[in-house]
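# Survey of secondary and tertiary structure
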Amino acid sequence: MKSVLVIGLGRFGARVAEKLREMGHQIMVVDKVEERVDAAMHCATNGQIGDCTNRNFLESLGIPNFDLCIVSIGDDFQNSLEATSLLKELGAKQVVSRAASAVHAKFLKRNGADEVVFPEEQLANWTAVRYSADHIFDYIPVDQDYAIFEVEVPESWIGRSIGELNIRKNLKLNILARKQDGALSMEISPDTVFSEGETVLVLGRREGIREYFKL
């Protein structure tokens, strides 16, 4: 369990706080708008109303006590930048900040952000890939070159085993799991035989997966 500070309670920040709470973490939520703090208190251990570009206010929160600080301010980049910088100055262990562009990300990292997230860009990329072909069921980027795709089992695989197909050697792909009627199975071995109607989670180079599965 981690102690997490979430600054900025727009839709993204509020949802992050909610998910973290569901995972069992202790959450403090902060926003300068009272209504946003009130709305997020159902998923928070504590909440404060205040301006996180104010050093004295931020210092009063006890920043070094948090395992993670998330700056999810999305409507004012200057405030996001100042809050990120102050958090590091006040001893934050880890700062994750939201950015709207690559330029914003560069400035945030220069001013103390350990990690930067692009929720709009990441969702746009996922949507574009997910719905670009009828037989893509999910998509998880790993880095610039590698990704995990959930795809239909090719007809040529049905009734054959992973070992028989020699997928890792011949295709440079790794089968991580398979799914049948919504039930996920991670019991994968060379003897695993593919069935009709299954989907598989495949890890590999994006271009290799797209080429082989005709995505």
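Rules and cut-offs
Throughout, a residue's number is its position along its own chain's written sequence, starting from 1. For this predicted model, a pLDDT threshold of at least 70 governs which residues receive local features, and a threshold of 80 or more governs which side-chain atom pairs are given and counted, while totals over whole chains, interfaces and linings are taken from all residues. The side-chain numbers reported here are obtained from all heavy atoms of the structure, hydrogens and water having been left aside. Basic side-chain nitrogens of Lys or Arg form a salt bridge, by our definition, when they fall within 4 Å of a carboxyl oxygen of Asp or Glu. Only protein chains enter the area calculation, which uses a 1.4 Å probe; residues under 20% of their type maximum are buried, those over 50% are exposed, and those in between are partly exposed. Under the DSSP-based scheme used, a helix requires at least four consecutive residues in state H or I and a strand at least two consecutive residues in state E, with every element numbered from the N terminus. Think of the arc as the fan of directions from the helix axis to the C-beta atoms.

If you look the protein chain up in an unreviewed UniProt entry, it shows as Trk system potassium uptake protein TrkA from Moryella indoligenes.

Before going further, it helps to examine the pattern of salt bridges. Two side chains that carry opposite charge are able to pair once their charged atoms sit near each other. One pass over the structure, following the stated rule, counts 10 salt bridges. One salt bridge connects Asp31 with Arg36, and the closest N-O pair in it is separated by 3.6 Å. Asp31 gets classed as buried once you look at its relative accessible area, which sits at 7%. The partner of Arg178 in a salt bridge is Glu198, with the nearest N and O atoms 2.9 Å apart. Here the residue Arg178 occupies a position in strand β9 (residues 174-180), and Glu198 occupies one in the loop between β10 (183-185) and β11 (199-205), the gap between them amounting to 20 residues. Each member of the pair, Arg178 together with Glu198, is buried.

Right, let's talk about helix α9 (residues 206-213) for a bit. Taken together, the buried positions of α9 are occupied by Arg206, Ile209 and Phe213. Within α9, the buried residues cover an arc of 70 degrees as seen down the axis, which keeps them to one side. Exposed and oriented more than 90 degrees from the buried face of α9 are Glu207 and Glu211. A positive phi of about 55 degrees marks Lys214, the residue just after α9.

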